[in-house]
Amino acid sequence: MTFPGPITALTLFVDNVPRARDFYAEVFGLPVHYQDEASAVFDFGNTLINLLQAEEGPGLIEPAPVGRSIDGATAQYTITVDDVDATAALVVSRGAELLNGPQDRPWGIRTACFRDPDGHVWEIAS
């Protein structure tokens, strides 16, 4: 048994699957890997991102509650890129709004952050 193994999927609870799906398809430039009425899945290479209708979440995680996007971010997802400035310009041209950056961080990397329509924060870094 190998533990931990790779992270193969992340499920993000969303308020509106079609809106989230369209944002991810446009901003990340990815095709939908799988979809049904309650979800849309994107393949980020090593990890699947499952956008799941929030009302479906309790079936996966109860007794833990599904958080609300109005409460603020509880996680940040980082994608390594070759050029943060160019990638930041690309995601902005595709409809994302930067929260911060591009900026040099004291720990030696350059980053920029944006969020999806449900408040999930994405960082691009190099």
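Here the structure is shown first, and the text comes after it.
This report concerns the structure included in the present document. (Residues numbered from 1 in each chain as written. Predicted model: local features only at pLDDT ≥ 70, side-chain atom pairs only at ≥ 80, totals over all residues. Heavy atoms only, no water.)

1. Focus: helix α3 (residues 84-93)
And step 1. Of all the residues in α3, the buried ones are Val84, Thr87, Ala88 and Val91. For α3, the buried positions fall inside an angular range of 105 degrees around the axis, keeping them on one side.
And step 2. Where α3 is buried, its residues contact α1 (17-28), β6 (98-104), β7 (110-115) and β8 (121-125).
And step 3. Residue Asp83 occupies the N-cap position of α3, its side-chain oxygen lying 3.0 Å from the main-chain nitrogen of Asp85.
And step 4. Looking one or two residues beyond α3, the residue adopting positive phi is Gly95, at roughly 115 degrees. (Buried < 20%, exposed > 50% of the residue type's maximum accessible area, 1.4 Å probe, protein only. Helix = DSSP H or I, 4+ residues; strand = E, 2+ residues; numbered from the N terminus. Arc of directions from axis to C-beta. Contact = heavy atoms within 4.5 Å. Polar contact = N/O pair within 3.5 Å; in protein donor to acceptor, adjacent residues only side chain to side chain.)

2. What about the layout of surface pockets?
And step 1. As a volume, the largest pocket reaches approximately 370 Å³.
And step 2. Along its surface, the largest pocket is lined by 19 residues, and Phe13, Gly67, Arg68, Thr74 and His120 are the ones closest to its centre.
And step 3. Considered class by class, the residues forming the lining of the largest pocket number nine nonpolar, seven polar and three charged. (1 Å grid on protein atoms, 1.4 Å probe; cavity = no way out; pocket = protein on both sides within 12 Å on 5 of 7 lines; lining within 4 Å. Points joined across faces, edges and corners; volume = space filled by probe spheres on them. Nonpolar A, V, L, I, M, F, W, Y, C, P; charged D, E, K, R; others polar.)

3. Notes on the environment of Arg105
And step 1. By secondary structure assignment, the location of Arg105 is in the loop between β6 and β7.
And step 2. With a relative accessible area of 22%, Arg105 lands in the partly exposed category.
And step 3. For Arg105 and Ala125, which are 20 residues apart along the polypeptide, the C-alpha to C-alpha distance reads 9.9 Å.
And step 4. Discounting residues that sit within four places of it in the chain, Arg105 has contacts with Asn100 and Thr111.

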